[in-house]
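# Breakdown of the fold
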Amino acid sequence: MSKSYYLTSPIYYVNDKPHIGHAYTTLACDVLARFKRLDGYAVKFLTGTDEHGQKVEKSAADNNMPPQKFTDEVSQNFRDLTAQLNFSNDDFIRTTEPRHKTTCQHIWQQLIDAGHIYLDSYKGWYAVRDEAYYAESEIIDGKAPSGASVEWVEEPSYFFRLSAFGDKLLAHYEQNPNFIGPTSRRNEVVSFVKSGLHDLSVSRTSFSWGVPVPNDENHVMYVWLDALTNYLTAVGYGDDKNADYAQFWPADLHMVGKDILRFHAIYWPAFLMALNVPLPKRVYAHGWWTNEGQKISKSLGNVIDPVELAKIYGLDQMRYFLLREVPFGNDGDFSHSAMTQRMNGDLANDLGNLCQRVLSMVWKNCTETIPPKPDTFTKADEALLARAYALLDACRKEYDAQQFHTALKTIWEVIADANRYVDEMAPWALRKTDAERMADVLWVLCEVIRVVVILLQPVMPQSCAKLLEQLAVAEDARGFDNLTPAHALTAAKMPTKPEPIFPRYIQEEEEQND
Ligand code: MSP
């Protein structure tokens, strides 16, 4: 296969149970990975857990467990989540794995050898929650700009000469306007770099839960240097026997939340420049979810468990909601009413009814067989089919810009067109007057459903598989290369009586009785 695509989610701190924010980032990667695979790319989709540092060490201590045992347990929760939410990651990396320690130490040595790291001492603020250093000028009312508590740190430390990379970074942003998305966030990064970069402390001596610095075992590496390196570990950087690096590096996309853009768009490219390693093609920062208008936090007790959500509304329904409701890149609010509106409106009414109406008419009136492709089409047939076939290019463009909500909106416009076409053509009336035309109309609709459902597979894999099964589309005919008239549906027996795939949300009994 000639085309490759490497995309990564952040690796998650194992200080806590996975919540909706973690699920969201990985979900966005999952739909993109699935989209690219269906579009003929060899995809590598990486996710995993970030297991070192003070924050994790502290959580382990709070749980009265040795850090390794603690991280083994919590990391497993994240691994389980990938199965529970039907994520299709190709690898799951843990920063405590030997393969990762080897890469970190290899990189450290390269940076030392090339003179990018020097020994000095750090004196300043550190926020354990963010695992980040803050300058005095950034501290507001004794807190980090993120609201995290800070502590004063004074210790020997190795420094990375970040200050030497400001101009190179600015030149890179300038020459690669798509390197950081969305644009508003890109501008924030540019102004931060323009304001001047200080050298970065990249080792700690006051605790030991980290990758040991080669030849100076009093130090462990700063957790962000360790964590960012995971993207190289997973493609076998520095390991001649591993062919992945040649195929997949540079990464096509690092997907991150807005809070960790600085690490990915400033520190990481600077480290890579220092290593003479090509930079990733793009870093995209999405927004944050609130719950019924409130910031999500453990202390407020309003953390959303994605597995619970999938149980209540359905997994594909949740996946659809998260990507459709909020323009990707913006902050968004989760609310029960918004979720049920999407579930009942877009899914049960628009898409669900279209499929169920059309497929049951075929089952009842066409001897349970998808009709043959018509010999001639009316203008209305041609117009609807053309709009469906045009969707692939439109979706490619939106997916490449991570505008998942726009891709879905565009697909729903065709679903609305198809519903209007059903009403206008009234195939139920044609049954008595012109059975041949009825069969043609139903074929056009089945073909439009085929195209739409093939395109929706990345977002709702399970439901789309069921629909394609009902339409008798073979498993090996579900890739995007089939989205052309040359691959259109041909007469085929339907395997089973069509059943509705998208249920409406049923209110709990007590709510109904209110
Ligand atoms: N370990 C670092 C990432 C290292 S990547 C080399 C980290 N981990 S995290 O577990 O704290 O967060 C991971 C991701 O979850 C971030 O992208 C963050 O933006 C996302 N979210 C956490 N809470 C969120 C919401 N409430 N809403 C949306 N996403 C949020 O940072």
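Here, the structure is the one placed above.
Just so you know, these numbers come straight off a predicted model, no measurement behind them.

End to end, helix 10 (residues 261-275) covers 20 Å across 15 residues, agreeing with the expected 21 Å (1.5 Å per residue, within 8%). Tyr267 marks the point of greatest bend in helix 10, at about 25 degrees, and the proline Pro269 comes within the next four residues. Helix 10 sits mainly inside the fold: 13 of its 15 residues count as buried. Count one or two residues on from helix 10 and you reach Asn276, which has phi positive near 60 degrees.

Looking now at the packing of helix 13 (residues 336-365) against helix 18 (residues 435-456). Their axes nearest at 10 Å, the elements helix 13 and helix 18 cross at an angle of 140 degrees. Classed by the angle they form, the pair helix 13 and helix 18 counts as oblique. Every pair of crossing elements has a handedness; the one defined by helix 13 and helix 18 is left-handed. For the pair formed by helix 13 and helix 18, the contact residues are Leu351, Leu354, Cys355, Val358, Leu359, Met361, Val362 and Asn365 on the first element and Met438, Leu442, Leu445, Cys446, Ile449, Val452 and Leu456 on the second. For the contact of helix 13 with helix 18, a count of residues per class yields 14 nonpolar, 1 polar and no charged.

Moving on, we come to the site of the ligand. Near the ligand there are 23 residues, and of these Ile11, Asp50, Gly257, Asp259 and Trp289 occur at the shortest range. Separating an oxygen atom of the ligand from a backbone N or O atom of Tyr13 is a distance of 3.2 Å. One of the backbone N or O atoms of Trp289 is found 2.9 Å from a nitrogen atom in the ligand. Protein chains shield 94% of the accessible area of the ligand, which is 670 Å² for the free molecule. Those elements that provide at least two residues to the shell around the ligand are strand 1 (4-13), helix 1 (20-38), helix 7 (223-228), helix 8 (230-233) and strand 11 (253-257). By residue number, the principal contributor to the shell around the ligand is strand 1, which donates 4 residues. Classifying every residue of the shell around the ligand by side-chain character gives 12 nonpolar, 9 polar and 2 charged.

It is worth spelling out the sheet that holds strand 13 (residues 289-291) at this point. Taken together, 3 strands build an open sheet; the order of strands is 14-13-15 and the sheet is mixed. Both outer strands of the open sheet, strand 14 (294-295) and strand 15 (332-334), are each paired with one neighbouring strand and no more. When strand 13 meets strand 15, the two strands line up parallel, connected through 3 bridges. Its bridge partner being in strand 15, Trp289 is matched across the sheet by Gly332.

For Gln470, the position within the fold is in helix 19 (residues 461-470). Sequence separation between Gln470 and Ser360 is 110 residues; the distance between their C-alpha atoms is 10 Å. With near-sequence residues (within four places) excluded, Gln470 lies in contact with Leu359, Met494, Pro495, Pro498, Glu499 and Ile501.

What follows covers the nonpolar core. Soluble globular proteins: nonpolar side chains tend toward being buried together. One finds Trp412, Leu455 and Met460 to be the most contacted residues of the largest nonpolar core, which totals 100 residues. The greatest single-element share of this core, amounting to 15 residues, is contributed by helix 18. Setting aside its immediate chain neighbours within four residues, Leu455 contacts Phe35, Leu391, Leu392, Cys395, Ile411, Phe480 and Leu483. Within the second largest apolar cluster, 71 residues are counted, among which are Ile11, Tyr126, Val193 and Phe248.

What follows is about the side chain of Thr340. With respect to the helices, strands and loops of the structure, Thr340 is situated in helix 13. Those residues within four positions of Thr340 in sequence are excluded, and the remaining contacts are Tyr313, Gly345 and Tyr505.

Another aspect to go through is empty space enclosed by the protein. Within this structure, the stated rule accounts for 2 cavities of 30 Å³ or more. Along its surface, the largest cavity is lined by Tyr12, His22, Thr26, Thr47, Gly48, Phe78, Leu81, Thr82, Phe87 and Phe92. For the lining of the largest cavity, the secondary structure elements donating two or more residues are helix 1, strand 2 (42-50) and helix 3 (67-84). Per element, the largest residue contribution to the lining of the largest cavity is 3 residues, and it comes from helix 3. Split into classes, the residues belonging to the lining of the largest cavity amount to 5 nonpolar, 5 polar and no charged. By volume, the second largest cavity amounts to about 30 Å³. Secondary-structure elements contributing two or more residues to the lining of the second largest cavity are helix 13 and helix 19. When its residues are assigned to classes, the lining of the second largest cavity shows 6 nonpolar, 3 polar and 1 charged.

Its volume calculated, the second largest pocket comes out at about 410 Å³. Taken together, 23 residues form the lining of the second largest pocket, with Tyr133, Ala135, Glu138, His198 and Asp199 sitting closest to its centre. Secondary structure elements with two or more residues in the lining of the second largest pocket: strand 4 (117-127), strand 5 (132-134), strand 6 (151-160), strand 8 (200-201) and helix 10. It is strand 4 that contributes the most residues to the lining of the second largest pocket, 4 residues altogether. Grouping the amino acids of the lining of the second largest pocket by side-chain chemistry returns 12 nonpolar, 6 polar and 5 charged.

Definitions and limits used
Residues numbered from 1 in each chain as written. Predicted model: local features only at pLDDT ≥ 70, side-chain atom pairs only at ≥ 80, totals over all residues. Heavy atoms only, no water. Helix = DSSP H or I, 4+ residues; strand = E, 2+ residues; numbered from the N terminus. Expected span 1.5 Å × (residues − 1). Bend = angle between axes of the 7 residues up to and from the residue. Buried < 20%, exposed > 50% of the residue type's maximum accessible area, 1.4 Å probe, protein only. Axes fitted to C-alpha atoms, helices over the stretch in contact; angles between N-to-C directions. Parallel < 35°, antiparallel > 145°, perpendicular 65-115°, else oblique. Left-handed = near helix turned anticlockwise from the far one by under 90°. Contact = heavy atoms within 4.5 Å. Nonpolar A, V, L, I, M, F, W, Y, C, P; charged D, E, K, R; others polar. Near = heavy atom within 4 Å. Polar contact = N/O pair within 3.5 Å; in protein donor to acceptor, adjacent residues only side chain to side chain. Areas by Shrake-Rupley, 256 points an atom, 1.4 Å probe, with all protein chains shown as cover. Pairing = 2+ DSSP bridges. Core = buried A, V, L, I, M, F, W, Y, C linked by side-chain atoms within 4.5 Å. 1 Å grid on protein atoms, 1.4 Å probe; cavity = no way out; pocket = protein on both sides within 12 Å on 5 of 7 lines; lining within 4 Å. Points joined across faces, edges and corners; volume = space filled by probe spheres on them.

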